[in-house]
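# A look at the structure
Single-letter residue listing:
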Amino acid sequence: MKALFLLSFSLLSMTLWAQDTSSKRKRLFFQGEASFTIPSDGNAKGFYYVYKENITGKYYQRKVQLDESLIVFSDFSVNYQLFPHLSIGALAGLTHLSSPGGTAFKMGGIARFNVVKTYPANIFLQLAGFLPMSSANGMEPSMGEVRFGLSIPLMIRKTYSMHLSMYTTYLGYDMKGKNPNVSDTTEYKGIGFGYGVRF
């Protein structure tokens with residue numbers, strides 16, 4: 001309990017210090033981005049629980065290779081500069097899958113680490129979940145996506161900047177399966193590129 005109190009006090013002190021020393025900095029910023037992911041070779045897979053052994057009653061898994069089609073994203077985030085080198089944000093957007101087809105609402109969080117605090121290039125980590133809007137294979141609400149990458153400004157102006165991002169990602173979601181106790185799963189691993197505006 002004492003350790004938790006000390007940790008909370010330290011974090012609060014650091015936050016107040018950061019607010020005092022960077023009062024002139026614009027702490028709240030927004031970023032919109034359109035991106036696409038290319039599944040890497042052999043890493044677009046569907047796991048289907050489609051048959052059951054009569055003796056044991058167990059369901060068995062059959063792996064199906066999916067077409068490695070582009071996955072298209074449109075994201076918007078609200079970010080807060082927590083410390084000089086670190087910002088955190090809330091994220092929302094749309095994800096469109098080509099194989100199997102489907103569109104999902106995406107929401108989650110993002111953390112950005114600025115290597116140089118006066119230059120808006122950053123390393124970022126994004127975690128998001130999916131809420132299906134339309135799906136050809138019965139997509140269910142799922143964890144969604146883990147994305148790690150680098151964002152580099154292409155143009156910097158007083159009120160906005162334009163960015164190019166490069167990232168690696170794991171994307172997966174559950175489907176309504178034939179086994180009511182275990183969901184079928186589709187997953188992708190790949191690299192992606194995005195173009196965004198920060199203001």
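Residues numbered from 1 in each chain as written. Predicted model: local features only at pLDDT ≥ 70, side-chain atom pairs only at ≥ 80, totals over all residues. Heavy atoms only, no water.

### Observations concerning the layout of surface pockets
Of the pockets and cavities examined, the largest pocket occupies roughly 380 Å³. If you go around the largest pocket, you meet 17 residues; those closest to its centre are Lys26, Pro120, Lys158, Ser161 and Arg198. Split into classes, the residues belonging to the lining of the largest pocket amount to six nonpolar, five polar and six charged. (1 Å grid on protein atoms, 1.4 Å probe; cavity = no way out; pocket = protein on both sides within 12 Å on 5 of 7 lines; lining within 4 Å. Points joined across faces, edges and corners; volume = space filled by probe spheres on them. Nonpolar A, V, L, I, M, F, W, Y, C, P; charged D, E, K, R; others polar.)

### Points about the side chain of Ser161
Counting through the fold element by element, Ser161 comes out in strand E8 (residues 161-175). For Ser161, a relative accessible area of 6% translates into the label buried. Within polar-contact distance, the side chain of Ser161 engages the side chain of His163 at 2.9 Å. Residues in contact with Ser161, not counting those within four places in the same chain, are Met155, Ile156, Gly196, Val197 and Arg198. (Helix = DSSP H or I, 4+ residues; strand = E, 2+ residues; numbered from the N terminus. Buried < 20%, exposed > 50% of the residue type's maximum accessible area, 1.4 Å probe, protein only. Polar contact = N/O pair within 3.5 Å; in protein donor to acceptor, adjacent residues only side chain to side chain. Contact = heavy atoms within 4.5 Å.)

### A word on the pattern of salt bridges
Inspection of every chain in the model, using the stated rule, returns five salt bridges. Here Arg147 makes a salt bridge to Glu33, at a shortest N to O gap of 4.0 Å. One end of the pair, Arg147, is in strand E7 (residues 142-156); the other, Glu33, is in strand E1 (residues 28-52), and 114 residues separate them in sequence. Residue Arg147 is classed as buried on the basis of its relative accessible area of 0%. Asp75 is the partner of Arg147 in a salt bridge, and the nearest nitrogen-oxygen pair spans 3.9 Å. Note that Arg147 is positioned in strand E7 and Asp75 in strand E3 (residues 71-83), a separation of 72 residues in sequence. Ionic contacts of the salt-bridge type, sharing partners, join the residues Glu33, Asp75, Lys106, Glu145 and Arg147 into one network. (Salt bridge = Lys/Arg side-chain N within 4 Å of Asp/Glu carboxyl O.)

### Some words on the packing of aromatic side chains
A complete count under the given rule lists four aromatic pairs for this structure. In this structure an aromatic cluster arises from ring pairing among Phe30, Phe76 and Phe199. Over the aromatic face of Tyr167 sits the side chain of Arg147, whose NZ or CZ is 3.9 Å from the ring centroid. Over the face of the ring belonging to Phe29 we find Arg198, whose NZ or CZ atom lies 3.7 Å from the ring centre. (Phe/Tyr/Trp six-rings, centres within 6.5 Å; stacked < 30°, edge-to-face > 60°. Lys NZ or Arg CZ within 6 Å of the ring centre and 35° of its normal.)

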